[in-house]
Each structure stands twice: as structure tokens, then as C-alpha cells.
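# Observations on chain architecture
If you want the building blocks of each chain, they are given just below.
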Amino acid sequence: MDEQDPKEDLIEPVFRNGTVTTVGILLAFSLGFITHWAANPIPWQTYHLLAVVPILIGIALQMRALSILLDVQSLQRRIYERANRIFIAGLIFTASGVGLAILLDVFEVAGKSALPSG
């Protein structure tokens, strides 16, 4: 027959729990990074938004993925895979924002440390 066994479309709860743990830990690191950066005594400039926006979008996507994974429906393979895709997208946004933040800081420090001519 063409019908699939409903149990085939489910993932193991233990496997999902490991994913929830991973998503939670990486979300905590992302929140910690943005909190630490916000508490930095160096004044923010408008160009910092180039890094902040992707980080915040990434954090929001990671939170959405965690929210989906915490629901009992996430034991269904298609929902679990959707949450994983959302999480990976969030991770890419966050990593891109962190990379931009590092580059902005490097360029700012390099610009301020240049010796004056004359």
C-alpha cells in the first residue's frame, strides 16, 4: 500500500531533546553577546546597526525555533525539520552580525590608531 506508517513520520523524543538543548545553549550565547555588546561603554554609532539588525533577526529566529521545538507537535518530522531550518537561518543571521560587529570594531580601532601626519 501507498500509505505510510504514522510512526515513520515521528522522531525520537530523546533526539528532539538534544536539539532543544543545543538550540537553547546557542540562543543563550547569542543573547549574551548582544547583552555584553550593549553594555560596552564605547558609544554606539549608527553604522553599528549594520551588525545589530542581523543579530537581532537571528536571535528572533532562534527563539522561534526553540518555541516550535518545545511544542509536543515538534515530534512530527516535518515540524522538527522546519524548526531546524528556522534555527539554522537564525544562526547564520547571528553569525553574520557578529562577524560584521568584529569588522566594524577592527576598522574603528584601526582608524583611531593611525598616526597623525605632519
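Sequence positions are assigned chain by chain, starting from 1 and proceeding in written order. Whole-chain, interface and lining totals are the exception, using all residues; otherwise, since this is a predicted model, local features are given only for residues with pLDDT of at least 70 and side-chain atom pairs are given and counted only at 80 or more. Side-chain numbers here rest on the full set of heavy atoms in the structure, without hydrogens or water.

Following the sequence through the fold, Asn 17 ends up in helix α1 (residues 13-38). Sequence-wise, Asn 17 and Leu 69 are 52 residues apart; in three dimensions their C-alpha atoms are separated by 8.5 Å. Numbering of helices and strands runs from the N terminus, with a helix taken as a DSSP run of H or I at least four residues long and a strand as a DSSP run of E at least two residues long.

Another point: the nonpolar core. Definition used in this section: a nonpolar core is a set of buried Ala, Val, Leu, Ile, Met, Phe, Trp, Tyr and Cys residues joined via side-chain atoms within 4.5 Å. The buried label applies to any residue whose accessible area, calculated with a 1.4 Å probe on protein chains only, is under 20% of its type's maximum; exposed applies above 50%, and partly exposed to all values in between. Counting residues in each nonpolar core, the largest one holds 22 residues, and the members touching the most others are Trp 37 and Leu 69. Looking at this core element by element, the count peaks at eight residues for helix α2 (residues 49-70). The contacts of Trp 37, once residues within four sequence positions are left out, are Trp 44, His 48, Ala 51, Val 52, Ile 55, Ala 101 and Asp 105. Note on contacts: a residue pair qualifies if any of its non-hydrogen atoms lie within 4.5 Å across the two residues.

Turning to α2, a few remarks are in order. With 22 residues, α2 should reach 32 Å at 1.5 Å per residue; the first-to-last C-alpha distance of 31 Å fits that figure. Every buried residue of α2 is listed here: Ala 51, Val 52, Pro 54, Ile 55, Gly 58, Ile 59, Gln 62, Ala 65, Leu 66, Ile 68 and Leu 69. The length a helix should cover is 1.5 Å for every residue beyond the first.

A surface patch of like charges, here positive, comprises Arg 64, Arg 78, Arg 82 and Arg 85. Counting residues per element, the positive patch draws most heavily on helix α3 (residues 77-113), which supplies three residues. Position of Arg 85 relative to the elements: it lies in helix α3. Exposure remark for Arg 85: the relative accessible area of 54% places this residue in the exposed category. Patches here are clusters of residues that have more than 30% relative accessible area and form no salt bridge, with a 9 Å joining cutoff for like charges and a 5 Å cutoff for nonpolar side chains (Val, Leu, Ile, Met, Phe, Trp, Tyr). Method for areas: the Shrake-Rupley scheme with a 1.4 Å probe, in which residue coverage is limited to the protein chains shown. Here, a salt bridge means any side-chain nitrogen of Lys or Arg that lies within 4 Å of a carboxyl oxygen of Asp or Glu. The charge count treats Lys and Arg as positive and Asp and Glu as negative. His and the chain ends do not count. Note on charges: their place is set at NZ of Lys, CZ of Arg, CG of Asp or CD of Glu.

Let's shift gears to the side chain of His 48. Along the chain, the position of His 48 falls in the loop between α1 and α2. A polar contact is formed between the side chain of His 48 and the backbone nitrogen of Gln 45, at a distance of 2.8 Å. Contact partners of His 48, with chain neighbours within four places excluded, come to Trp 37, Pro 43, Leu 104, Asp 105 and Glu 108. N or O atoms closer than or at 3.5 Å make up a polar contact, with two conditions inside protein: a donor-capable atom paired with an acceptor-capable one, and, for residues adjacent in sequence, both atoms drawn from side chains.

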